[in-house]
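Inside the fold
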Amino acid sequence: MLIRRLPPVLIDRIAAGEVVERPAAVVKELVENALDAGARAIEVVIQGGGRRLVRVSDDGSGMGPDDLALCVERHATSKLAGEDLLSISTLGFRGEALPSIGSVAHLAIASRPRDAAHAFEVRVDGGVVTPPRPAALGGGTRVEVRDLFYATPARLKFLKSDRAEGAAAADVVRRLALARPDVAFTLVTDERAAVTFPARADDADGRAARLADVLGAEAGRNVVAVNGIRDDVVLEGLAGLPTFSKANSLSQYLFVNGRPVRDKLLMGAVRAAYADLLPSDRYPVLALFISLDPRDVDVNVHPAKTEVRFRDGGNVRALIVRTLSDALGARIPSTAGTMAERLVALARTPELGPRAAFAPAAPFATPGGGAFAGFRPAPALDYDWRQSPARPMPSGLGEEEQARLDIAEPSADARADAAPVSAVDLDRPLGAARAQLHETYIVAQTREGLVLVDQHAAHERLVYEKLKAALARDGVGRQGLLIPAVVDLDPADADRLTERAGDLAALGLVLESFGPGAVLVREVPALLKDADVTRLVTDLAEHAAEWDDALPLERRLLHVAATMACHGSVRAGRRLKVEEMNALLREMEETPNAGECNHGRPTFVTLSLKDVEKLFARR
């Protein structure tokens, strides 16, 4: 078979297979061109998921007729002043996008520089170029792509539905809008009304406002600011609270020198930073902006420019992990504001209306009748508890009526109510303990509302952080057992534990083989001296099969520490004194990441007075 030169049109169509993978890729290339042209306002119109039409209009610098003729030629670009590919400061630089798009679609580009008398337009139909001709346009550039892939019908078979392709194109616009908060974006699609993201300041406040514009006000309320620097690499942005997480990674927005990327190294660093805060199947919401010398990052490793290669990837990874960990650990204990809203929503019955949801259908009945027989409560706007027939009575009154309602032991420990409440505690983030419910949940009062704490989940985080700190400092203290404990296990589990005896010893658990299917425990972590040794070792054995030997030693030890912390914490079902409850609250306020347990579950929920009033239909 003879070797032959391919015709230019075929070359462009082959290149289009790399650059123009789907309609979203067309949107990305055109919007990036608009940003590189200095646009301050960009409009994107998508029809038929991008198959029928993609139109991008901007108010950028525009092009004259000579530049219009060149822009549709292969490898023609204005973004490389010289031949240095190691210092790229623009989003585009290859000069492939427009000729590739024109080879598989009907492409029309109209443009007018700011100082030009009128506009010109160039057309490309399936690779055939029509010379520039006068056109009507106020200023800037308008690019229209119609009938995408009409020249290569086979490619249409690999596209998804119009809805799916349109969603992918909209996601591209959102990512670029987050990258440039100082630029106004308008997105028009078949599926919904036009969406406009107004221009914001190009600073931390502007990024926070743009994040709320793109992801919703909920996201804006549940993020913390991130700032860090390491060896001339700067990291800024916003990181979501662990309790405000998603089921996929689509809400993770990563930018390198203003370029949206989906880089494995960066996403792995984010996962590592949240490893102690989120379950493996949940993903944080965040927008991170990395700035560094263009010579220290290679953006020319993928035709779509969505992947990058760092000269010192370890430094970038360390910066992300440390900065995120510090930002999340330093925050005042908090959980996602959506949790209180969810609780209020669960307590409401929309089908019946807010007030009907709380009105009983029939009068209350008590055994033997009495003063409460036939009582039907009705919500009142100006309710005063002091006027209520159910108000607390002085000692010695009401015992007869109360006795009729005594059907079981109370599920709440109200002894905290008898203790004096410190005004200082009320002003603290987690307030003052007032009661314990079901020997599992602590109710605390603050100036603005109340806090409901899961005592086991909260103490589990405290123990885990103590184990981590001891491990990082000088090792976990050990407590020798007066009589070594023998724990019987499945032979395979016993072998796995003895193989990891070194890792366990680093965390204070010293054990050795004691014949087939058994281990002998000689020492336990001092923090867990009161734990049930048999249950602890049995639980560790069950989790040992999940420990990945390929992980670094530190990560393996933290996995073990997380399991140990569960056994060293206050168990659900234990009644606490008010002093113990307040001590737990104060320790939570001083402990990093106290808003989530080791498994990513929230440790407390905050309800404002406004939320409580909603529960009782007072709002």
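Structure shown above.
The structure reproduced in this document is the subject of the present report.

1. Describing the sheet that holds strand β24 (residues 518-525)
One open sheet accounts for three strands, arranged β22-β24-β23; its pairing is antiparallel. Whereas interior strands pair on both sides, the edge strands pair on one side only; in this sheet they are β22 (478-488) and β23 (510-513). If you compare each strand with its neighbour and ignore which way they point, the axes differ by 15 degrees on average. Against the sheet, helix α14 (residues 491-499) contacts β23 and β24, and its axis sits at roughly 130 degrees relative to β23. Across the face of the sheet, helix α16 (residues 533-544) comes into contact with β22 and β24 while running at roughly 65 degrees to β22.

2. Focus on the pattern of salt bridges
According to the stated counting rule, one finds 30 salt bridges in the structure shown. A salt bridge links Glu580 to Arg574; the shortest N-O distance between them is 3.3 Å. Overall, Glu580 belongs to the partly exposed group, its relative accessible area being 32%. Residues joined in a network through salt bridges with shared partners are Asp276, Arg461, Glu465 and Lys468.

3. Overview of unusual backbone geometry
Its identity as a non-glycine residue notwithstanding, Asp231 has a phi of 50 degrees, on the positive side. By secondary structure assignment, the location of Asp231 is in the loop between β9 (223-230) and β10 (233-240). On the basis of relative accessibility, which here comes to 59%, the residue Asp231 falls in the exposed class.

4. Remarks on the pairing of β24
On a regular strand, one side chain projects to one face of the sheet and the next to the other, so that they alternate. Across the eight residues that make up β24, a large majority, six, are buried. Pairing between β22 and β24: seven bridges, direction antiparallel. Paired with Ala485 across the bridge in β24 is Val521. Of the strand pairs in this sheet, β23 and β24 are connected by four bridges, and their pairing is antiparallel. For Val510, the partnering residue across the bridge sits in β24 and is Glu523. Where β23 folds back onto β24 in an antiparallel hairpin, the turn is made up of four residues, including Gly515, whose phi is positive at roughly 90 degrees.

5. Remarks on the packing of helix α13 (residues 455-473) against helix α18 (residues 578-590)
As a packed pair, α13 and α18 sit with axes 10 Å apart at the nearest point and diverge in direction by 50 degrees. Taken together, the axis directions place α13 and α18 in an arrangement best described as oblique. Remark: the crossing between α13 and α18 carries left-handed chirality. Along the contact surface, α13 presents Gln455, Ala458, His459, Leu462 and Lys466, while α18 presents Leu584, Glu587 and Met588. Residue composition of the contact of α13 with α18, grouped by class: four nonpolar, two polar and two charged.

6. Points about the nonpolar core
If you look at the biggest cluster of nonpolar residues, it comprises 53 residues, and the most contacted ones within it are Ile42 and Val145. Looking at this core, the element that brings in the most residues is helix α5 (residues 162-179), giving nine residues. Apart from the residues lying within four places of it in its own chain, the contact partners of Ile42 are Val31, Ala34, Leu35, Val56, Ser57, Asp58, Val183, Ala184, Phe185 and Thr186. Counting residues in each nonpolar core, the second largest holds 34 residues, with Ala219, Val261, Val270 and Val316 among its members.

7. Quick notes on the sheet that holds strand β13 (residues 259-261)
Reading across from one edge, β9-β10-β15-β12-β13 is the order of the five strands in this open sheet, with mixed pairing throughout. Each of the sheet's edge strands pairs with one partner strand only, and the pair in question is β9 and β13. Averaged over all pairs of adjacent strands, the angle between their axes in this sheet comes to 20 degrees, without regard to strand direction. Relative to strand β15 (residues 286-291), β10 runs antiparallel, the two sharing six bridges. Paired with Ala239 across the bridge in β15 is Leu286. Where α5 meets the sheet, it contacts β12 (252-256), β13 and β15, and its direction lies at approximately 55 degrees from that of β12. Where helix α8 (residues 264-273) meets the sheet, it contacts β12, β13 and β15, and its direction lies at approximately 130 degrees from that of β12.

8. Some words on the pairing of β12
With five of its five residues buried, β12 lies for the most part within the structure. The two faces of β12 match: Gln252, Leu254 and Val256 on one face and Tyr253 and Phe255 on the other face are all buried. Bridge analysis of β12 against β15 gives five bridges, and the strand direction is parallel. Across the sheet, Tyr253 pairs through a bridge with Ala287, a residue of β15. Pairing between β12 and β13: three bridges, direction antiparallel. Each bridged residue has a counterpart across the sheet, and for Leu254 the counterpart in β13 is Val261. Joining the antiparallel neighbours β12 and β13 is a turn of two residues, in which Asn257 adopts a positive phi near 50 degrees.

9. Looking at the packing of helix α2 (residues 23-36) against α5
Running from N to C, α2 and α5 cross one another at 25 degrees; their axes reach a closest spacing of 8 Å. Regarding the angle of α2 to α5, the classification is roughly parallel. α2 and α5 meet at a crossing whose hand is right-handed. When α2 is examined against α5, the residues Pro23, Ala24, Val27, Lys28, Val31, Glu32 and Leu35 are found in contact with a partner set consisting of Glu165, Ala168, Ala169, Val172, Val173 and Leu176. Residues of the contact of α2 with α5, tallied by class, amount to ten nonpolar, no polar and three charged.

Scoring rules and cut-offs
Residues numbered from 1 in each chain as written. Predicted model: local features only at pLDDT ≥ 70, side-chain atom pairs only at ≥ 80, totals over all residues. Heavy atoms only, no water. Pairing = 2+ DSSP bridges. Helix = DSSP H or I, 4+ residues; strand = E, 2+ residues; numbered from the N terminus. Axes fitted to C-alpha atoms, helices over the stretch in contact; angles between N-to-C directions. Contact = heavy atoms within 4.5 Å. Salt bridge = Lys/Arg side-chain N within 4 Å of Asp/Glu carboxyl O. Buried < 20%, exposed > 50% of the residue type's maximum accessible area, 1.4 Å probe, protein only. Parallel < 35°, antiparallel > 145°, perpendicular 65-115°, else oblique. Left-handed = near helix turned anticlockwise from the far one by under 90°. Nonpolar A, V, L, I, M, F, W, Y, C, P; charged D, E, K, R; others polar. Core = buried A, V, L, I, M, F, W, Y, C linked by side-chain atoms within 4.5 Å.

None of the figures reported here should be taken as evidence of function without further support.
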